[in-house]
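Examining the three-dimensional arrangement
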Amino acid sequence: MSTTLLLVRHGQTVWHAENRYAGISDIDLTDTGRTQAEALGRWAAAHPVDAIWTSPLSRAVATAEPACQALGLTSQSEPHLRECDFGVLEGRTLAEFEAEDPEWAAAYRADPVEHSFPGAEDPLAAAARGVRALRDIAASHPGERVLVVAHNTLLRLVLCTLLSIPVGEYRRVLPRLRNAAISELRMNPDGSAALLSLNVPCETDVPVAL
């Protein structure tokens, strides 16, 4: 029996408002991020789910909290849903890094998997742990609808892996997941997946273009 996973990137954070890489750093939501979380809570009240899973990072937990309150659920934490470690880019912008090392930045833009940032987590390893986490969650909730709140880069790596898209293309194929938008993924018992919708804002059921 297939499971419906409703994948959500957390709300806006202080660093993301400035386009800084947050990664494994535990950064708070902005007022805008909290407003996005509240909108997700209203969406959950109108589109109930059976369970809520989150990354252990506080920005994901805080984004899920209004949905938990709306449905009377307690979120469950999955450590493998944490964001990628961006190494030297933690807390910095790509422009700042590019000014320091333009050649590495150019190589990263060309292939962010082959040329990830110095000190960063291997993107393929991050993709593998994220895929494993989603498959485990799906196996725990056969036939159910599950809200999963995680992170922009991790979810894009996972989607490429599950949909047989070259992982090195994730920045081109999936430029970004919008904060608190819904992407619906059907997980089948054999571990395969189908993407049913992408980046649907939680205030409406009408999909928007990337």
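Attention here is on the structure that accompanies the text. The structure presented is a predicted model; accordingly, all values stated were derived computationally and were not measured. (Residues numbered from 1 in each chain as written. Predicted model: local features only at pLDDT ≥ 70, side-chain atom pairs only at ≥ 80, totals over all residues. Heavy atoms only, no water.)

**Here's the deal with the pairing of strand β4 (residues 145–150)**
As a general feature of sheets, a regular strand has side chains that alternate between the two faces. β4 sits mainly inside the fold: five of its six residues count as buried. In the sheet, strand β1 (residues 3–9) pairs with β4 via six bridges, with the strands oriented parallel. Of the residues in β4, the one forming a bridge with L7 is V148. As paired elements, strand β2 (residues 51–54) and β4 share four bridges and run parallel to each other. When the sheet's bridge partners are listed, T54 is paired in β4 with V149. (Buried < 20%, exposed > 50% of the residue type's maximum accessible area, 1.4 Å probe, protein only. Helix = DSSP H or I, 4+ residues; strand = E, 2+ residues; numbered from the N terminus. Pairing = 2+ DSSP bridges.)

**Concerning the sheet that holds strand β6 (residues 193–200)**
With mixed pairing, six strands are arranged side by side in an open sheet as β3-β2-β4-β1-β5-β6. Lying at the two open borders of the sheet, with one neighbouring strand each, are β3 (76–77) and β6. Inspection of the sheet shows β1 paired to strand β5 (residues 182–187) by six bridges, in the antiparallel sense. Directly across from T4, in β5, lies its bridge partner R186. In the packing of helix α1 (residues 31–46) onto the sheet, the strands contacted are β1, β4 and β5, and the crossing angle to β4 comes to about 170°. Along the sheet, helix α6 (residues 152–162) makes contact with β1, β4, β5 and β6, crossing β1 at roughly 145°. (Contact = heavy atoms within 4.5 Å. Axes fitted to C-alpha atoms, helices over the stretch in contact; angles between N-to-C directions.)

**Quick notes on the pattern of salt bridges**
Any two side chains of opposite charge can pair, given that their charged atoms come close. For the structure shown, the criterion picks out seven salt bridges. A salt bridge links R172 to E169, with the shortest nitrogen-to-oxygen separation between them at 2.5 Å. (Salt bridge = Lys/Arg side-chain N within 4 Å of Asp/Glu carboxyl O.)

**Looking at the pairing of β2**
Side-chain alternation along β2 places A51 and W53 on one buried face and I52 and T54 on a second face that is also buried. The sheet contact formed by β2 and β3 spans two bridges and is parallel. What sits directly across from T54, in β3, is S77. In this view, the connection linking β2 to its parallel neighbour β3 by way of helix α2 (residues 58–71) has right-handed handedness. (Right-handed = clockwise from strand over helix to strand, strands pointing away.)

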